[in-house]
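In case you want the letters, here they are:
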Amino acid sequence: MLEKKLKQLIVVTGTSGSGKTTLVHLLLERYPELEFSVSVTTRKPRIGEIEGKDYYFVSQSEFKEMIIKEQILQWVKFADNYYGTPRNTVENQIKQGKKVVMITEMEGMRKTKQIFPDTLSIFIMPPSLEVLKERIQRRKQDSCESIKKRLETAKIEIQFANECDKIIINDNLDKAIDNLQKIIFDE
Ligand code: 5GP
């Protein structure tokens, strides 16, 4: 059993379009000592997404096989696609004493906390639902159906933001990165 070390695992969560991915990638550029847990997904890559950096893109059957082989730490079905954390990589990074940042939706945060109760969870809050809708639509990467599902899920997730240890409102990117950095390194 893996030793559960204090605040080594950081789960950044928040609604789709909250800007959490942008925030985390900028943070990782500034602090190379942080490790990023690259998730596996059955979603098709968006323009500009890189295999192994943004996600590992797999088929549904490959994903299901990984679940059966217990290679996935936590997983969910979100907007008709599967997303999960490869178990080995995260466990090895933690064993090496690294701070590991994961990005998940709310259920992934809850599941990770069950496995590692000392996980630090941070909710990235969009300034408003209007801004969120604009951001998701501007991305032009999701179908109308997917946008609808993402907005419905977002409304629910926002209600549960208080479950996280910290909340950051992402109305200004620089300020939000500073807050994220302070929370992660002060813990
Ligand atoms: P997107 O399709 O926008 O990249 O991701 C959809 C949602 O799935 C986002 O909220 C994202 O944070 C979440 N997600 C990405 N990877 C994982 C994962 O490994 N586990 C869980 N539970 N959610 C994830």
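Cut-offs and rules
Residues numbered from 1 in each chain as written. Predicted model: local features only at pLDDT ≥ 70, side-chain atom pairs only at ≥ 80, totals over all residues. Heavy atoms only, no water. Pairing = 2+ DSSP bridges. Helix = DSSP H or I, 4+ residues; strand = E, 2+ residues; numbered from the N terminus. Axes fitted to C-alpha atoms, helices over the stretch in contact; angles between N-to-C directions. 1 Å grid on protein atoms, 1.4 Å probe; cavity = no way out; pocket = protein on both sides within 12 Å on 5 of 7 lines; lining within 4 Å. Points joined across faces, edges and corners; volume = space filled by probe spheres on them. Nonpolar A, V, L, I, M, F, W, Y, C, P; charged D, E, K, R; others polar. Buried < 20%, exposed > 50% of the residue type's maximum accessible area, 1.4 Å probe, protein only. Arc of directions from axis to C-beta. Salt bridge = Lys/Arg side-chain N within 4 Å of Asp/Glu carboxyl O. Left-handed = near helix turned anticlockwise from the far one by under 90°. Contact = heavy atoms within 4.5 Å.

The four strands lie next to each other as β4-β3-β6-β5, forming an open sheet whose pairing is mixed. Two strands lie at the open edges of the sheet, namely β4 (55-57) and β5 (72-78), each paired on one side alone. Recorded for the sheet is a direction-independent mean angle of 25° between the axes of neighbouring strands. Taken together, the three bridges between strand β3 (residues 39-41) and β4 define a ladder with parallel strand orientation. Looking at β4, one finds that V40 is bridged to Y56.

Left-over empty space is what a probe sized like a water molecule reveals as it rolls over the atoms. For the largest pocket, the calculated volume is near 840 Å³. Forming the boundary of the largest pocket are 33 residues, of which K20, T21, R46, Y55 and R139 lie nearest the centre. It is helix α1 (residues 20-30) that provides the largest number of residues to the lining of the largest pocket, a total of four residues. When its volume is computed, the second largest pocket comes out at roughly 180 Å³. Lining the second largest pocket are 14 residues, with R43, N81, Q141, D142 and S146 positioned closest to its centre. Among the elements that take part in the lining of the second largest pocket, helix α6 (residues 144-159) stands out by supplying four residues, more than any other. Counted by class, the lining of the second largest pocket contains two nonpolar, four polar and eight charged residues.

Bringing helix α3 (residues 87-95) into the picture now. Each α-helix turn comprises 3.6 residues. Residues three or four places apart therefore point the same way. Of the residues making up α3, those classed as buried are V90, E91, Q93 and I94. Mapping the buried residues of α3 onto a view down its axis gives an arc of 160°, with all of them on the same face. Relative to its buried face, α3 has exposed residues pointing more than 90 degrees away, namely N88 and K95. A positive backbone phi angle near 80° is found at G97, which sits one or two residues after α3.

With that settled, the discussion passes to the pattern of salt bridges. Applying the stated criterion across every chain, the model contains nine salt bridges. Measuring nitrogen to oxygen at the nearest pair gives 2.9 Å for the salt bridge that ties K69 to E65. Exposure remark for K69: the relative accessible area of 49% places this residue in the partly exposed category. A salt bridge links K149 to D80; the nearest nitrogen and oxygen atoms lie 2.7 Å apart.

What follows covers the packing of α1 against helix α7 (residues 173-186). Helix packing for two helices is described by the angle between their axes and how far apart those axes are. Following both chains from N to C, one finds α1 and α7 inclined at 65°, their axes separated by 10 Å at the closest point. Judged by the sense of rotation from one axis to the other, the crossing of α1 with α7 is right-handed. Counted together, T22, L23, L26, L27 and R30 of α1 and L173, D174, A176, I177, D178, L180, Q181 and I184 of α7 form the full contact between these two elements.

Purely spatial values, then, with no claim about function.
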